[in-house]
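Okay, here's what each chain looks like letter by letter:
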Amino acid sequence: MVDARRPAAAGVFYPAERELLARTVRALLDVPPSSKPGARAAKPLRGIVVPHGIVGVAGVVSAAGWTRVARQAERFHRVLLLGPAHHSQFAGVAAPFADAFATPLGAVEVDRIAIETARRFPQLLVSDEPHAQEPALEVHLPFVQLILPSATIVPLLVGEADDNETAVLVESLWDDRTLLVVSTDLSHYHDATTAQRLDRATADAIEALDGSPIQEDQACGHAALRGVLLVARTRGLRAARLDLRHSGESSGELGEVIGFGAFSFA
């Protein structure tokens, strides 16, 4: 796998040193998630919604989702990763040309057959450029590498796409042995009280499998999330809230916070 996307977020969003990164992720997975009573799914896990983070509050909330995956790791051979494009604008949904995505822990193989098959959908753009500097998917790769070391990935960035365009792609790629991961933070740079109100509304919408109320100011990955919720509703899945916090809970800075939530689909 010589054509590997190089890490762009190492040393910024997560540790760049291999052993420190592995210890950090393992420590997160050892922390019991803060979840509602009854949040553990009775049915097999199908997917998670988690923030883009390994360090700080975002990492703790991400771990609430990834610990669910670890409990059923033997079920999955592939990970369908969806998230927002923070550094580029484009129409549709972007998959990479790269054969692998690298982190300090090594390289994760991209399922090129799945991407080539999905090229029948006109909304799929195949380009490395949107992925080059994007951290939203990369930050979850260390979790994949430690929990699902043999899994391949299908990394998709959702740009200017309507809910149905995203949903059709997700429907075609999300099979019983594919874990779906939506990477999104919630509200950004509101005071803590406002953030909690917005994030509770977003959490309620996710649990209702209703993406229509979720707007850009509520989740940076709203476009990916809304499409996934369409598919989850069609399939009769249930969404459960695993954790809901904001950055001020650790920093003490309550004037401008970022909201983080973890959810499961089963």
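Before reading on, note that the structure itself is shown above.
A brief structural summary. (Residues numbered from 1 in each chain as written. Predicted model: local features only at pLDDT ≥ 70, side-chain atom pairs only at ≥ 80, totals over all residues. Heavy atoms only, no water.)

Attention now goes to the nonpolar core. With 84 residues, the main nonpolar core has Trp 66, Leu 148 and Phe 265 as its most contacted residues. Trp 66 has contacts with Leu 29, Ile 48, Val 50, His 140, Phe 143, Val 144, Ile 147, Leu 179 and Val 181, leaving out every residue within four places of it along the chain. (Core = buried A, V, L, I, M, F, W, Y, C linked by side-chain atoms within 4.5 Å. Buried < 20%, exposed > 50% of the residue type's maximum accessible area, 1.4 Å probe, protein only. Contact = heavy atoms within 4.5 Å.)

Here 3 strands make up an open sheet; going across it, the order is S1-S5-S6 and the pairing mixed. Each edge of the sheet is formed by a strand with only one pairing partner; in this case those strands are strand S1 (4–5) and strand S6 (106–109). Examined bridge by bridge, strand S5 (residues 100–103) and S6 share 4 bridges and lie antiparallel to one another. Note that in S6 the partner of Ala 102 across the bridge is Ala 107. (Pairing = 2+ DSSP bridges. Helix = DSSP H or I, 4+ residues; strand = E, 2+ residues; numbered from the N terminus.)

We now examine unusual backbone geometry. Although it is not a glycine, Tyr 189 sits at a positive phi angle of roughly 65°. By relative accessible area, which is 53% here, Tyr 189 ends up exposed. Phi angles above zero are rare outside glycine, and Leu 209 is one such case at about 55°. Inspection of the secondary structure puts Leu 209 in the loop between helix H7 (192–207) and helix H8 (222–234). Classification of Leu 209 as buried rests on a relative accessible area of 10%.

Turning our eyes to something else, we now look at the pattern of salt bridges. A full pass over the atoms with the stated rule returns 11 salt bridges. Linking Asp 163 and Arg 226 is a salt bridge whose minimum nitrogen-to-oxygen distance equals 3.1 Å. Here Asp 163 is found in helix H6 (residues 163–173), whereas its partner Arg 226 is found in helix H8, with 63 residues between them in sequence. Overall, Arg 226 belongs to the buried group, its relative accessible area being 18%. Residue Glu 207 pairs with Arg 241 through a salt bridge whose shortest N-O separation is 2.7 Å. Highlighted residues: Glu 207 in helix H7 and Arg 241 in strand S11 (residues 239–246), separated in sequence by 34 residues. (Salt bridge = Lys/Arg side-chain N within 4 Å of Asp/Glu carboxyl O.)

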